[in-house]
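# Fold and contact review
So the chains spell out like this:
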Amino acid sequence: MTEAETSQNSGPSAYPLVVLGEMVIMPQMTVPLQIGQGKSFRALEVAWDSQQPVLLIYVPEHEIEQYKSGTPPIMPKVGVIARLEEFIKLPDGTARIILEGLQRAVIDELMQIEPFYVVAAHGVEDHVVTNMDIEALMETVKQQVDEFVDHLGEVPPEAVAFVRRIDAPGHLADIVTYAPAFDFAERMTILTELDPVERLRYTQRMLARHLELMKLRQKIQQETKEILDQGQKEYFLREQIRVIRRELGEDEELDDPVDELKKKIQSMDAPDPIRDQALSEYRRLAQQGPGSPEASVIRNYIEWLLTLPWKLEELATIEIQRAQQVLDEDHFGLEKVKERILEYIAVRKLVGANMRSPILCLVGPPGVGKTSLGRSIARALDRKFVRMSLGGVRDEAEIRGHRRTYIGAMPGRIIQGMKTAKSRAPVFVLDEIDKVGQDFRGDPTSALLEVLDPEQNSTFADHYLEVPFDLSQVVFVATANQLDTIPAPLRDRMEIIEVNGYTEEEKLGIATRFLLPKQLTAHGLTTDTLVMSDDAIMQIIRTYTRESGVRSLEREVAAICRKVARRVAETGDTSLTSVDADQVPDYLGVDRFSYGLAESMDEVGVATGVAWTSVGGETLTIEVQPIKGKGAIQLTGRLGDVMKESAHAAMTYARAQASVWGVESNYFDEHIMHVHIPEGAVPKDGPSAGITLTTALISAMTGKKVRRDVAMTGEVTLRGKVLPIGGLKEKTLAAHRAGIKTFVLPQANAKDIAELPQRIRDELALIPVSTMDEVLKIALID
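Residues numbered from 1 in each chain as written. Predicted model: local features only at pLDDT ≥ 70, side-chain atom pairs only at ≥ 80, totals over all residues. Heavy atoms only, no water.

Bringing the overall build of the chain into the picture now. Looking only at helices and strands, the chain has 28 helices and 27 strands in total. Against the globule reference of 28 Å for 782 residues, the chain gives a C-alpha radius of gyration of 40 Å, more extended than a compact globule. By principal-axis analysis of the C-alpha atoms, the chain measures approximately 125 × 70 × 60 Å. Sequence separation of at least 24 residues holds for 74% of the intrachain contacts in the chain that already meet a minimum separation of 6. With 90 positive and 118 negative side-chain charges, the chain shows a spacing of 4 Å between the two charge centroids. (Helix = DSSP H or I, 4+ residues; strand = E, 2+ residues; numbered from the N terminus. Rg over C-alpha atoms; globule rule 2.2 N^0.38 Å. Contact = heavy atoms within 4.5 Å. Lys, Arg positive; Asp, Glu negative; His and termini not counted. Charge placed at Lys NZ, Arg CZ, Asp CG, Glu CD.)

The next subject is helix 25 (residues 690-702). Between the first and last C-alpha of helix 25 there are 18 Å, a value that for 13 residues agrees with the 18 Å anticipated at 1.5 Å per step. Extensive coverage of helix 25 is indicated by the burial of 12 of its 13 residues. Inspection of helix 25 places Gly690, Ile691, Thr692, Leu693, Thr694, Thr695, Ala696, Leu697, Ile698, Ser699, Ala700 and Met701 among the buried residues, and these make up the whole buried set. Within two residues after helix 25, Gly703 carries a phi angle of roughly 80°, on the positive side. (Expected span 1.5 Å × (residues − 1). Buried < 20%, exposed > 50% of the residue type's maximum accessible area, 1.4 Å probe, protein only.)

All right, on to the environment of Asp150 then. Counting through the fold element by element, Asp150 comes out in helix 3 (residues 132-152). For the pair Asp150 and Val243, spaced 93 residues apart in sequence, the C-alpha to C-alpha distance is 7.9 Å.

Remark: helix 13 (residues 335-351) packs on helix 14 (residues 370-381), axes separated minimally by 12 Å, with the N-to-C direction vectors making an angle of 40°. The handedness of the crossing between helix 13 and helix 14 is right-handed. On the side of helix 13, the interface is formed by Val337, Ile341 and Ile345, while helix 14 contributes Leu373, Ile377, Ala380 and Leu381. Considered class by class, the residues forming the contact of helix 13 with helix 14 number seven nonpolar, no polar and no charged. (Axes fitted to C-alpha atoms, helices over the stretch in contact; angles between N-to-C directions. Left-handed = near helix turned anticlockwise from the far one by under 90°. Nonpolar A, V, L, I, M, F, W, Y, C, P; charged D, E, K, R; others polar.)

Remark: the centre distance and the inter-plane angle together describe each pair of aromatic rings, the angle taken between the planes. If you walk through the whole model with that rule in mind, you get six aromatic pairs. When the ring of Phe428 is compared with that of Phe476, the centres are 5.6 Å apart and the planes differ by 35°; the resulting orientation is tilted. Here Phe428 is found in strand 10 (residues 427-431), whereas its partner Phe476 is found in strand 13 (residues 475-480), with 48 residues between them in sequence. Classification of Phe428 as buried rests on a relative accessible area of 1%. Its relative accessible area of 1% is what places Phe476 among the buried residues. (Phe/Tyr/Trp six-rings, centres within 6.5 Å; stacked < 30°, edge-to-face > 60°.)

Once their charged atoms are close, side chains differing in charge can pair, the charge on each being opposite to the other. In this structure the tally under the stated criterion is 37 salt bridges. A salt bridge links Glu466 to Arg404; the shortest N-O distance between them is 3.1 Å. Highlighted residues: Glu466 in the loop between strand 11 (460-461) and strand 12 (468-469) and Arg404 in the loop between helix 15 (397-400) and helix 16 (413-421), separated in sequence by 62 residues. On the accessibility criterion, Glu466 (49% relative accessible area) is partly exposed. Residue Asp470 is joined to Arg424 by a salt bridge in which the shortest nitrogen-to-oxygen separation is 3.0 Å. Of this pair, Asp470 sits in the loop between strand 12 and strand 13 while Arg424 is found in the loop between helix 16 and strand 10, placing the two residues 46 residues apart along the sequence. (Salt bridge = Lys/Arg side-chain N within 4 Å of Asp/Glu carboxyl O.)

The next subject is a negative patch on the surface. A contiguous patch of negative charge, built from Asp534, Asp535, Asp580, Asp582 and Asp586, is present on the exposed surface. When you line up the elements, Asp535 lands in helix 20 (residues 534-543). Its relative accessible area of 58% is what places Asp535 among the exposed residues. (Patch = residues over 30% accessible without salt bridge, like charges linked within 9 Å, V, L, I, M, F, W, Y side chains within 5 Å. Areas by Shrake-Rupley, 256 points an atom, 1.4 Å probe, with all protein chains shown as cover.)

As a further point, take helix 23 (residues 641-656). Its 16 residues place the ends of helix 23 23 Å apart at the C-alpha level, agreeing with the 22 Å of an ideal helix rising 1.5 Å per residue. Every buried residue of helix 23 is listed here: Met643, Ser646, Ala647, Ala649, Ala650, Met651, Tyr653 and Ala654. As for helix 23, its buried residues are in contact with strand 20 (632-636), helix 24 (667-670), strand 21 (671-676), helix 25, strand 24 (715-716) and helix 28 (772-779).

Right, let's get into the sheet that holds strand 8 (residues 359-363). Pairing is parallel in the open sheet, where five strands are placed in the order 9-10-13-8-14. Unpaired on one side and paired on the other, strand 9 (385-389) and strand 14 (494-498) mark the two borders of the sheet. For this sheet, the mean angle separating the axes of adjacent strands, direction not counted, is 25°. The sheet contact formed by strand 9 and strand 10 spans five bridges and is parallel. Of the residues in strand 10, the one forming a bridge with Arg387 is Val429. The sheet contacts of helix 13 involve strand 8, strand 13 and strand 14, and relative to strand 14 the element is tilted by about 145°. (Pairing = 2+ DSSP bridges.)

In structure tokens form, the structure reads like this:
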């Protein structure tokens, strides 16, 4: 009598039947296969669609054709209920599948033949009351497995450790029988034996027989080794060395990777739900065979859980004076931006970890230091710094991660950044947030809504992790060049801080304090080798760069450093080289841009306007030339729809005011007003050139000249009202850079004058106006 028994389900169930030939899949085993067309293919297809298990039977190869023909012989009595884990159809008509055996089943009857077999069967489960005899039998089998592995020398240590962890006699017999030494008949004997202890006894007898056969074969090989050739002898010697190393225990001393994972999980510093999730996945991993495709996926997932920072570390004390010192050291100018950042840091110091802080978004043209401001915030708070570039990101999975069902799945870049930082409270810069795209793979900006919402990001859900991750202590800082492309819901979650362009004096200060020392070090030079005067740097700013930031300025300074470095390397002369303003062309070539007024004299029909672009402000010249022809307006210069409408509004106002300016009533019937804005390859749009267009039109039809030292900006209405515009600081900087002396702006923008740099206010005559009459009195001569 054995102290084992089997229990059966209350009644039989119907299962689609799959015939696998001599490929025996035991319970609790997962095996990938490729299957061709036929009844089994259709059975698997239906089972996959309905998510129901199938019943596997195994027959000799010569009987498979009878099952395909529809006249099967006598059915086997025992099969295996299996779950279909994967079903992928291939172009050649076959399918790649993964089957996981669940339990034995006794077949009661054949219920259906076409279009595929369906049988009625009831599952059988093992129940064992362990005693010393059974434990001794299991230990004997495990020792036989160890001896078997020692003779083979090709079994991974993970497989041996997996067998060692099995504590059920029936499961042990099933796994051991899967070894290559067992043939189909032996495996079928094990499968059909329902008593788990008898099954293990039969396995022990077969193992003993195979071990004796293996020892006999090795003895024969040992006796014939003297007739082997030299190459075979070398191979045999290598095998002996490997056996000797194993006998010495060198490989056996290595810990089982699965057990190592368990130790790490038990010692991980994480909340209990996270540790429970990791332990749950560990138990799944322990049940997988060493060749299971799921094993590497589960192990990778556990490794991610182990490496993420789940607990909030102790944060450094915030010192406002030190934060201000760091910002001043790293950035020249930007006083209002630094003031807002210091206010943010002060509030965080007072509120502490409970702060639901706003997300800062630094908006400005390229090269003004938005990303480096984020790095300075991290240094001021004494936190880790992480940067994620969002430019060109179109897949939502880049933010939220891929689900683990996909091959090569990974967490999103937010979680990857947290792993890199090894901190739960870093400063996280989301660079170029205005350049996020969207396509059929989803909208990444929608995923960012949760990340950037202080009310939601404490339970951020990454698709890969499937457990919430707390982002509430992360200091998020976004950067952008323009706001128009950022969706309104995302923009609403951020506090916008404008980082405008630099004045010439600010660029000079940045170049002398930061750029020149940086480039000297990068090129192996010192202040004893190269000195650049302030006049030389100002010359570079005015005639070799035209930008709001300082990137082009840094490139030009680097170009001079390279030429000096080459001279030093070629001649060995380390004497001091001084670069003055008149020597700059010797290093950088002829001037690339003209400094000063765009027009050399006052002209009729030519007015100077200003425009704001994503890279800062620019001056633009508007030309109007009346020519004989049927009355109309002709627009050239690649104008956008809004600018064309602004030109038509200006034309209507000019025609309405013709009599005031003494222009004959039939003038417009006999003339075509050709409006052109140079640099025709560059797109131009917006309403702020309205008063400039109107001034040029009235100048052309009256013959009065426009002052070349006057620039203007403002939208015009049909009644001649001047409406407000945006980007005033960038436009005034561009006008000042071009040598303009008088700047006309809308009266509604007069309140913004106080925000302009002091030098702009001192050297530029800023005149607010509310009507076109005021504009024309300033701009037209006489």
